[in-house]
Amino acid sequence: MTPPNWQNVQSLPVADIEIEERLRIASDTAVASIVSSIQEVGSILQPLLVRRVKGGFRLMDGLHRLTAAKQVGLEEVPVKVSDCTNDQAIRIEVDANVAGAPLTPLDMAVFLAAHKELYERDHPEAKRAFKANQVRRGECTDIMSVQSFAANAAEVFGKGDRHIRRLISVGEKLSKAEIALLRKAPNRVQFKDLEHIAKCGAQADRSAICAALGAGEAKTAKEVLDRKKAPGAAVLSPLDQQIAKLKDAYSRAQKSARREFVRLHCDELIELIHEISIEEEDAAEVVSFASKREAAQ
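Residues numbered from 1 in each chain as written. Predicted model: local features only at pLDDT ≥ 70, side-chain atom pairs only at ≥ 80, totals over all residues. Heavy atoms only, no water.

1. Focus: the environment of Gln88
And then number 1: Relative to the elements of secondary structure, Gln88 occurs in helix α3 (residues 86–99).
And then number 2: Note on Gln88: relative accessible area 8%, which makes it buried.
And then number 3: With 30 residues separating them in the primary sequence, Gln88 and Leu118 have C-alpha atoms 9.0 Å apart. (Helix = DSSP H or I, 4+ residues; strand = E, 2+ residues; numbered from the N terminus. Buried < 20%, exposed > 50% of the residue type's maximum accessible area, 1.4 Å probe, protein only.)

2. Overview of the confidence of the model for the protein chain
And then number 1: For the protein chain, per-residue confidence averages 78 on the pLDDT scale, and 76% of positions sit at 70 or higher.
And then number 2: Overall, residues 133–145 carries pLDDT values under 50, and its contacts beyond four positions in sequence, including any with other chains, amount to 20 contacts.
And then number 3: Scored below 50 in pLDDT, residues 286–297 shows zero contacts in the model against residues more than four places distant or in partner chains. (pLDDT = per-residue confidence, 0-100. Contact = heavy atoms within 4.5 Å.)

3. A closer look at the packing of helix α9 (residues 176–183) against helix α11 (residues 203–215)
And then number 1: Viewed as axis vectors pointing N to C, α9 and α11 meet at an angle of 35°, and their least axial separation amounts to 7 Å. Note on packing geometry: the crossing formed by α9 with α11 is left-handed. Of the residues in α11, those touching α9 at Glu178, Leu181 and Leu182 are Gln203, Arg206, Ser207, Cys210, Ala211, Leu213 and Gly214.
And then number 2: Among the residues forming the contact of α9 with α11, the class breakdown is five nonpolar, three polar and two charged. (Axes fitted to C-alpha atoms, helices over the stretch in contact; angles between N-to-C directions. Left-handed = near helix turned anticlockwise from the far one by under 90°. Nonpolar A, V, L, I, M, F, W, Y, C, P; charged D, E, K, R; others polar.)

4. Observations regarding the pairing of strand β6 (residues 76–83)
And then number 1: The pairing of strand β1 (residues 5–6) with β6 spans two bridges and is antiparallel. Within β6, the position partnered with Trp6 by the bridge is Ser82.
And then number 2: Here strand β2 (residues 10–13) runs beside β6; their pairing, made up of four bridges, is antiparallel. Note on β6: the bridge partner recorded for Leu12 is Val77.
And then number 3: Pairing between strand β4 (residues 48–53) and β6: four bridges, direction parallel. By the bridge assignment, Leu49 is partnered in β6 with Lys80. (Pairing = 2+ DSSP bridges.)

The following block contains the structure:
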């Protein structure tokens, strides 16, 4: 692939820089840090990387800086402009992010898979060899041209080549919708969760994991799979999960701890008991009325 041509650093109006769908979303924490830096020094020091497109310019690297610039009201930002292809733009985004801020396991999976796809697009013979299982064991990352990325991922996560290949597999399997669900998960998706997703043979299992983690209905992928394996078991609703936790805590507590809990929450518990009693009385009246109608018939 021919290297892209770069122009000298220049400034562009913030409003003139387009943002298309990206492999990684902006982190609120990182943006806040850059906002603080801009407020201290008065400008953005590192130029954003943009490409010239029909009708304007499109961002390749610098989403956090651009977002921060918008928040503080900067009208212009420093940029480096390139006339490059779409594939080169994706590669630049991947390279810049992997070499820059620390990535989550999910981010790393998405970027590694994107890099592998780009390499195989440029070298179709490598893709055919890999699919034909002609690649000798231990050379997989070299053939996929992700050796440097794999090494970085291995250092960050303390994992070996086999685990990194599973990350790539996850990045290839996950749909955009599933990635979006995992990004919304209240509990950050861990490396172990992605390993379970990589091992999923059924699409339904992978979808169930993404949906449950994204909605906060499970803390780990293993938890979702264990529920699915249980005969007749379904993923518990948030209410059922809270009830299960309360029952578990109550059953494990000593009697003295239970007594103290009731003493502290006595008024609230009495009120709840009263509400339940009224509900049960109303339900009993409905049943009694129905029974009388049946007897009259």
